[in-house]
Amino acid sequence: MVEVIEEPVRVAAVFNGRHTEIRWLQWRGRDYRIRQVTDHWRAREGRALFHYFAVTDGAMLFELRFHAEQLAWELTRTYCEG
Amino acid sequence: MHVDMDAFFASVEQRGNPWLRGRPIAVSGSGWRSVVTSASYQARPFGISAGMPVAQAMRLCPALIRVEGNSDKYVETSEQVIALLREVTPLVEVASIDECYLDITGSLRLFGGAEALARRVKARIREEVGLACSVGVAPNKLMAKLASGLSKPDGLLRLTAEELPAWLEHLPVTELCGIGPRLGAALTAMGVRTCAELSRVPVAALTARFGIVGRHLHEMARGVDSTPVVPTEERPDAKSVGHTLTLDQDLHDREPMRRHLFRLAEEVARRLRKGRYAGRTVTVMVRYADFVTWSRQTTLEAPLDEGLAIYDAARRVFDGLRLRPLGVRLLGVTVSHLVHARDQLPLLPSLQRRRASVQAMDAVNDRYGEFTLTRATLLQMETRTRPISPSWRPLA
């Protein structure tokens with residue numbers, strides 16, 4: 001089930017050349033340790049560049065949006081079974 | 001060589017979401033009345049295919065998982081695939097977002113032959129993009145596309161010139177690219193079902209029945225196709241620019257339909273200006289609840305690239321139509337007869353002001369995103385996303 005969130009979150013990421021590793025995210029007072037980045041794509045809104053990451057902690061899928069200019073992270077949506 | 005990504009949009013979604021893998025999914029637009037744009041291979045045994053309304057697909061497979069399409073994701077993935085293909089040969093023709101033709105004649109020695117090259121392409125797309133594709137290798141584009149289609153999913157098929165007659169002997173004509181259900185039915189009415197049967201019909205009989213297409217059909221039946229692979233950067237200019245919208249509910253009143261036409265005209269105009277095109281012919285498409293589709297057009301003296309002017313032309317066409325009572329489910333606006341737009345200053349001050357306001361709107365929307373600044377009439381309109389057109393091709 002997809003849930004639209006669109007809330008700012010804290011994210012620990014390692015930008016490693018072409019690859020980005022997402023280590024953890026903090027959302028609504030809870031820490032989620034990220035096991036895998038399952039997808040990455042880019043999108044533009046006007047001139048603003050956004051990097052999107054699909055990541056999972058093994059129980060849930062999170063779609064994160066990184067504003068490349070403002071260096072801000074947002075949790076855009078989640079997906080979990082049920 | 002023809003490379004065709006398998007269930008492209010659905011596979012991209014399954015790649016990015018482990019919970020969707022191995023399950024029946026359908027990618028569609030965000031509205032409940034939208035149609036399936038891609039169905040996973042797990043959904044296909046239920047009869048679900050692209051173009052089917054989502055509601056019908058859900059009835060066929062209640063366990064179907066519906067995924068809202070994400071054009072940015074598919075375009076980026078497609079560009080990754082195209083970049084890999086261009087490492088094999090510069091002669092890559094992007095036929096659509098999920099299929100390409102490659103002229104590999106000059107690369108055969110470098111990669112150890114056609115099959116080795118095709119296997120390498122498949123392996124690299126699998127490893128670096130994480131998706132499966134089907135590859136057809138043949139003496140021409142028509143047969144390469146046939147071969148990739150016959151090898152689906154995740155297959156590789158090479159058809160040599162010597163093998164073609166045997167392959168075509170019992171092949172239904174509708175398996176050939178370009179022979180759809182209508183043409184297939186017309187051929188069936190002539191007693192023609194297979195390519196071999198079609199090849200035995202005299203060209204004169206085919207041209208008498210189908211006009212200029214008749215000769216082409218005769219060649220297709222024999223596996224003959226002389227169309228070259230045209231790399232994207234050498235392709236001819238666009239012939240038309242259009243948008244369609246499936247409405248959330250069937251509409252009977254003209255006024256809300258006019259607002260949708262206005263929005264579509266603005267979207268078409270924006271794309272025309274981005275491509276530095278203008279067009280003289282404006283076509284309006286109306287699809288009724290029973291899927292009967294109607295389209296009419298008007299051709300103007302001067303080419304247009306402004307939303308308001310395109311809307312004015314579209315509205316005149318639309319207002320001249322007597323609507324059927326059962327409601328409209330889809331609207332479309334297309335501009336064709338395109339010419340390259342020139343930055344010529346209009347003579348009349350009123351037109352100069354209008355041009356300046358459009359340019360100002362473009363500047364704001366270029367900076368902050370589409371419809372950041374728009375006409376007041378369109379402010380209350382929903383801005384839900386729509387799936388990308390299957391005919392998407394990258395800019396040259």
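Here the residue numbering is sequential within each chain, running from 1 through the sequence in written order. Written order decides the labels, with chains lettered from A and ligands numbered from 1. It should be noted that, the model being predicted, local features are given only for residues of pLDDT at least 70 and side-chain atom pairs only at 80 or more, the latter also being counted only at that level, while totals for whole chains, interfaces and linings use all residues. The basis for the side-chain values is all heavy atoms of the structure; hydrogens and waters are excluded.

Draft legend 1. Representation of the overall build of chain A. Secondary structure is summarised from DSSP: a helix means a run of H or I of at least four residues, a strand means a run of E of at least two, and numbering begins at the N terminus for each. Each helix and strand in chain A was counted, giving zero helices and eight strands. In sequence order, the secondary structure elements of chain A are arranged as β-β-β-β-β-β-β-β. Taking 2.2 N^0.38 as the reference for a compact globule, 82 residues should give roughly 12 Å; the C-alpha atoms of chain A span a radius of gyration of 12 Å, in line with that estimate. Principal-axis analysis of the C-alpha atoms gives chain A an extent of 35 × 25 × 25 Å. Taken over C-alpha atoms, the radius of gyration is set against a globule rule of 2.2 Å times the number of residues to the power 0.38.

Draft legend 2. Up close: the overall build of chain B. Counting its regular elements, chain B contains 14 helices and 12 strands. The C-alpha radius of gyration of chain B comes to 23 Å, within 12% of the 21 Å expected for a compact globule of 396 residues. For chain B, the spread of C-alpha atoms along the principal axes amounts to about 70 × 55 × 50 Å. The classification of residues rests on relative accessible area computed with a 1.4 Å probe and restricted to protein chains. Under 20% of the type maximum is buried, over 50% is exposed, and intermediate values are partly exposed. Looking at the 396 residues of chain B, the share that counts as buried comes to 48%. We call two residues contacting when some pair of their heavy atoms lies within 4.5 Å. Partitioning the contacts of chain B with sequence separation of at least 6, the portion at a separation of at least 24 is 65%. Summed over its atoms, the accessible surface of chain B is roughly 19,700 Å², and 53% of this surface lies on carbon and sulfur atoms. This count recognises Lys and Arg as positive and Asp and Glu as negative, with His and chain-terminal groups excluded. Working definition for charges: the position is that of NZ of Lys, CZ of Arg, CG of Asp or CD of Glu. Taking the 53 positively charged and 43 negatively charged side chains of chain B as two groups, their mean positions are separated by 4 Å. Residue-level accessible areas treat just the shown protein chains as cover; the underlying method is Shrake-Rupley with a 1.4 Å probe.

Draft legend 3. Main features of the pattern of salt bridges. All names here are of chain B. The term salt bridge refers to a side-chain nitrogen of Lys or Arg lying within 4 Å of a carboxyl oxygen of Asp or Glu. For the coordinates displayed, the defined rule picks out 33 salt bridges over all chains. Here Asp305 makes a salt bridge to Arg355, at a shortest N to O gap of 2.8 Å. Taken as a pair, Asp305 in the loop between β11 (293-304) and α13 (307-319) and Arg355 in helix α14 (residues 349-368) lie far apart in primary sequence, 50 residues in all. Residue class for Asp305 comes out buried when judged on its relative accessible area of 10%.

Draft legend 4. How the structure looks around the interface of chain A and chain B. Taken together, the contact between chain A and chain B spans 19 residues of the former and 18 residues of the latter. Here the buried area means the combined drop in accessible surface, using a 1.4 Å probe, for two parts upon being joined, counting both sides. For the pair chain A and chain B, the summed buried surface comes to about 1,600 Å²; carbon and sulfur atoms form 47% of the total. Looking at the side of chain A facing chain B, the largest losses of area belong to Trp41, Arg47 and Tyr79 of chain A, adding up to 32% of the total buried there. Here chain A and chain B share four salt bridges between them. Among the elements of the structure, β5 (36-45) and β6 (48-56) of chain A are those that each provide at least two residues to the side of chain A that touches chain B. Broken down by class, the residue content of the side of chain A that touches chain B amounts to eight nonpolar, five polar and six charged. Just so you know the grouping, Ala, Val, Leu, Ile, Met, Phe, Trp, Tyr, Cys and Pro go in nonpolar, Asp, Glu, Lys and Arg go in charged, and all remaining residues, Gly too, go in polar.

Draft legend 5. Seen up close, the domain arrangement of chain B. All names here are of chain B. An automatic or database domain assignment is the source of the domain bounds shown. Partitioning chain B into domains gives domain 1 (2-71), domain 2 (87-158), domain 3 (164-221) and domain 4 (236-378). Relative to domain 2, the C-alpha centre of domain 1 lies at a distance of 24 Å. Across the contact, 11 residues belong to domain 1 and 22 residues belong to domain 2. Summed over both sides, the interface between domain 1 and domain 2 buries roughly 1,500 Å², with carbon and sulfur atoms accounting for 57% of that surface. There are one salt bridge connecting domain 1 and domain 2.

Draft legend 6. Fine view of the sheet that holds strand β2 (residues 25-28) of chain B. Residues and elements named next belong to chain B. Strands qualify as paired when DSSP identifies two bridges or more between them. The sheet built from three strands is open, its strands ordered β3-β2-β4 with mixed pairing. Lying at the two open borders of the sheet, with one neighbouring strand each, are β3 (36-39) and β4 (65-68). Recorded for the sheet is a direction-independent mean angle of 30° between the axes of neighbouring strands. Both β2 and β4 contribute to a ladder of four bridges, which runs parallel. Bridging from a neighbouring strand, Ser28 pairs with Glu68 of β4. Angles run from 0 to 180 degrees between N-to-C directions of axes, and those axes are lines fitted to C-alpha atoms, restricted for helices to the stretch in contact. The sheet strands contacting helix α1 (residues 8-16) are β2, β3 and β4, and the helix crosses β2 at an angle near 115°.

Draft legend 7. Structural detail: unusual backbone geometry. Residue and element names in this part refer to chain B. Here the residue pair Lys152 and Pro153 is connected by a cis peptide bond, since its omega of -10° sits within 30 degrees of zero. As for its position among the elements, Pro153 is in the loop between α6 (141-150) and β8 (156-158). For Ala7, which is not glycine, the phi torsion reads 40° and is therefore positive. With respect to the helices and strands, Ala7 occurs in the loop between β1 (2-5) and α1.

Draft legend 8. Focus on the nonpolar core. Residue and element names in this part refer to chain B. Of all hydrophobic cores here, the largest spans 46 residues; its most connected members are Met1, Val3, Leu85 and Ile125. Counting contributing residues per domain, this core is built from domain 1 (2-71) and domain 2 (87-158), each supplying no fewer than three. Not counting residues up to four positions away in its chain, the partners in contact with Ile125 are Val3, Met5, Val81, Leu84, Leu85, Gly130, Leu131 and Cys133. Grouping buried Ala, Val, Leu, Ile, Met, Phe, Trp, Tyr and Cys residues that are joined through side-chain atoms within 4.5 Å yields what is termed a nonpolar core.

Draft legend 9. Examining the pairing of β11 of chain B more closely. Residue and element names in this part refer to chain B. Pairing of strand β10 (residues 277-288) with β11, which is carried by eight bridges, proceeds in the antiparallel orientation. Pairing of Thr283 across the sheet is with Gln297, part of β11. In this structure, the hairpin formed by β10 and β11 is closed by a connection of four residues, where Phe291 is found at a positive phi of approximately 70°.

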